[in-house]
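# Close look at the chain arrangement
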Amino acid sequence: MIDIKVLRENPNFYRDAAAAKNIELDVERMLELDRRVRALKTELEGIKAQKNEASKDIAKADPEARKVLIESMRLIDRKAETLESEYTPIAEELEELLYRIPNPALPDVKVGKSDAENEVVREVGDKTVFTFAPKDHLDLGQALGIIDTERAARVSGARFAYFLGDGALLEFALMQYAMSIAAKKGFVPATVPHLVSARVMRAMGYLEHGGHEEIYYFPKDNLYLIGTAEQSLGALHLDETLDEKQLPIRYIGFSPCYRREAGSYGKDTKGIIRVHQFDKVEMFSFTTPEQSEAEHELLLSIEEELMQGLGVPYRVIKQCTGDLGLPAARKFDIEAWIPSQNTYRETHSTSTCTDFQSRRLNTRYKTQAGETKFVHTLNGTAFALGRTMVAVLENYQQEDGTVRIPAALQPFMGGKTVLAPRA
RNA sequence: GGAAAGGUGGCAGAGUGGUCGAAUGCGCAUGACUCGAAAUCAUGUAUACCCGCAAGGGUAUCGGGGGUUCGAAUCCCCCCCUUUCCGCCA
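All figures in this text were calculated on a predicted structure; none of them were measured in a lab.

Pairing in this open sheet of eight strands is mixed, and the strands run β1-β11-β12-β13-β16-β10-β9-β4 from one edge to the other. What marks the edges here is a single partner per strand, and that holds for β1 (119-124) and β4 (188-191). Each adjacent strand pair in this sheet contributes to an overall mean axis angle of 25°, direction not counted. Of the strand pairs in this sheet, strand β9 (residues 249-258) and strand β10 (residues 277-287) are connected by ten bridges, and their pairing is antiparallel. Directly across from Pro256, in β10, lies its bridge partner Asp279. Against the sheet, helix α10 (residues 292-310) engages β1, β10, β11 (314-318), β12 (330-338), β13 (343-352) and β16 (376-384), with an angle of about 5° to β16.

Angle between the axes and distance between the axes are the two parameters that describe a pair of packed helices. One way to put it is that helix α5 (residues 137-144) packs onto helix α12 (residues 385-395) with a least axis distance of 9 Å and a crossing angle of 80°. Classified by the interaxial angle, the pair formed by α5 and α12 is roughly perpendicular. Residue-level inspection shows His137, Leu140 and Gly141 of α5 in contact with α12, the latter providing Val390, Leu393 and Glu394. Of the residues in the contact of α5 with α12, the class split is three nonpolar, two polar and one charged.

Let us look at the protein's contact with RNA strand B. The full set close to RNA strand B counts 17 residues, and Glu45, Ala49, Asn52, Ala59 and Met73 are the nearest of them. Breaking the surface near RNA strand B down by element, the ones donating at least two residues are α3 (27-60) and α4 (63-99). It is α3 that contributes the most residues to the surface near RNA strand B, twelve residues altogether. Partitioning the surface near RNA strand B into residue classes produces five nonpolar, four polar and eight charged.

Our focus in this paragraph is the environment of Lys184. Mapped onto the secondary structure, Lys184 falls in helix α7 (residues 166-184). As a C-alpha pair, Lys184 and Ile317 span 133 residues in sequence and 26 Å in three-dimensional space.

Let us now look at the domain arrangement of chain A. You'll often see interface size given as the accessible area lost when the parts meet. Segmenting chain A into domains produces domain 1 (4-99) and domain 2 (115-419). Look at where the C-alpha atoms of domain 1 and domain 2 centre, and you get two points 44 Å apart. Counting residues at the interface gives five residues for domain 1, matched by five residues for domain 2. Of the residues that constitute the side of domain 1 that touches domain 2, the class distribution is three nonpolar, one polar and one charged.

Judged by nonpolar contacts, the single largest core of 87 residues is most densely connected at Leu174, Ala178 and Ala336. Take this core: its biggest share by element is seven residues, from α7. Beyond its immediate sequence surroundings of up to four residues, Ala336 is in contact with Met307, Val312, Tyr314, Tyr344, Arg345, Thr347 and Ala391.

It is worth spelling out the pairing of β12 at this point. Judged by how many residues are buried, β12 sits mostly within the fold: nine of nine residues are covered. Here β11 runs beside β12; their pairing, made up of five bridges, is antiparallel. Across the sheet, residue Lys318 finds its bridge partner in β12, namely Phe332. Note that β12 and β13 share nine bridges and pair antiparallel. By the bridge assignment for β13, Arg330 is matched with Thr352.

Let's shift gears to the sheet that holds strand β8 (residues 241-243). In spatial order, the strands read β8-β14-β15; together these three strands make up an open sheet with mixed pairing. Each having just a single partner strand, β8 and β15 (372-374) make up the two edges of the open sheet. Averaged over all pairs of adjacent strands, the angle between strand axes in this sheet comes to 40°, irrespective of strand direction. Note that strand β14 (residues 364-366) and β15 share three bridges and pair antiparallel. From the neighbouring strand, Lys366 faces β15, where its bridge partner is Thr372.

Below, the discussion takes up unusual backbone geometry. Negative phi characterises most residues that are not glycine, and trans characterises most peptide bonds. The amide bond that connects Leu247 to the next residue, Pro248, takes the cis arrangement and shows omega of -5°. With respect to the element layout, Pro248 can be found in the loop between β8 and β9. Even without glycine at this site, Asn342 takes up a positive phi of about 50°. Inspection of the secondary structure assignment puts Asn342 in the loop between β12 and β13.

Two elements in contact, α7 and α10, have axes whose closest approach is 11 Å; the angle formed by their N-to-C orientations is 135°. Classified by the angle their axes make, α7 and α10 are oblique. At the point where α7 passes α10, the crossing takes the right-handed sense. Here Ala178, Ile181 and Ala182 of α7 lie close against α10, whose contacting residues are Ile302, Glu305 and Leu306.

Definitions and cut-offs
Residues numbered from 1 in each chain as written. Chains lettered and ligands numbered in written order. Predicted model: local features only at pLDDT ≥ 70, side-chain atom pairs only at ≥ 80, totals over all residues. Pairing = 2+ DSSP bridges. Helix = DSSP H or I, 4+ residues; strand = E, 2+ residues; numbered from the N terminus. Axes fitted to C-alpha atoms, helices over the stretch in contact; angles between N-to-C directions. Contact = placed C-beta atoms within 7 Å. Parallel < 35°, antiparallel > 145°, perpendicular 65-115°, else oblique. Nonpolar A, V, L, I, M, F, W, Y, C, P; charged D, E, K, R; others polar. Near = placed C-beta within 6 Å. Domains from an automatic or database assignment. Core = buried A, V, L, I, M, F, W, Y, C linked by C-beta atoms within 7 Å. Buried ≥ 20, exposed ≤ 12 C-beta atoms within 10 Å, placed from the backbone. Left-handed = near helix turned anticlockwise from the far one by under 90°.

Encoded structure:
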């Protein structure tokens, strides 16, 4: 949600900002509706003021005078009803349109049509070199008996997986590794609700512009399955006014992520790169506007620290406007080197959503000076556990089909150093 | 899922159709008293939006929505949430 006052003053800014995100806005329509809403509201409030005034008179009047007054009130009432019936649909349409305005990208973000125009910020680590033909993660995982997609397909359909034995332990190790690093930096560990209300899903910016197609929904309960812990962590301070002294507030949450993957039918059909359910460790920060730039840097730096600790080659991508989506004002992705595909694949993403989500969430803070302002919200992946396992398995594989365990994870796997098939 | 009781300002807690945005207490802020503090006293103390350059004015808000009424915190309906008991379950 943007500030409508700013829209009134500078409609072109929003039109252009939306266009950069490939979203067309009828700004003229919004301004027209806004003018009408305000005019009607002023008129309506005048009538209500009359009514309120008259009610006081009636209370004091003697019985005869009262009858007369009540009669005249009925006439005023009818006028109020007419105005109200005009006002409501217009106000609703306006709100609907306002919710579809994307968060404008920050000035340093490159304007571009699609992910093809994203910028590579840096590449870190040398691409893994093999003296043999590397296998892909599914072949490795199946041979090791730690990934089972065939039985998962029987049980749940395509795009599901079981992690078994060391596979499950590897996932837990990654989670604990991420948690241990972030907790040292003051992130509050969290597990979160996996189902959220329609209000929350909308506030986080995931329902507009076809977003609901990607989300599992339970009509009977009017609840949505989260696609990321961001959605429940971000709503943690729904309708709250925080204190400036508390900020920044940082969480690191673990949750499964549920995604319908509608429209991605041909893509990544083999293995666990793209599945309907995966686990993720996610960071989320609430900051003042002044803090949010540095916070975005911090989230990215933690992501890189985690990847470097793991020893997986990666690159950092800065998304262009066309790839940002509705709530993000700036987004960096980290892509891990995936040998079997001879390319980098996205494993992390960190966004600043400035005050876009907080306006919808009504999460504010009181400044030292006593002002009430909206917080900034930022999110960042610590590990998408499934995809990180893919990166680890493929980059750490050896010619005999075993997989070395990265040193950073060994303490969380009971000191084990190699994944080998079960005897 | 069944039964019951509730939901009022930062907190506690009155208020069952009119002058109630709401008593009172606590808390908080400012001032007085004091060398200073405590205590005491005085005054003040919600949020959002609209109109306005401003001063100021107006509207809405007693869990949410709808209804009855000239008028609703108060009456009626629906929903949400909390608590307790039962059932079920991890």
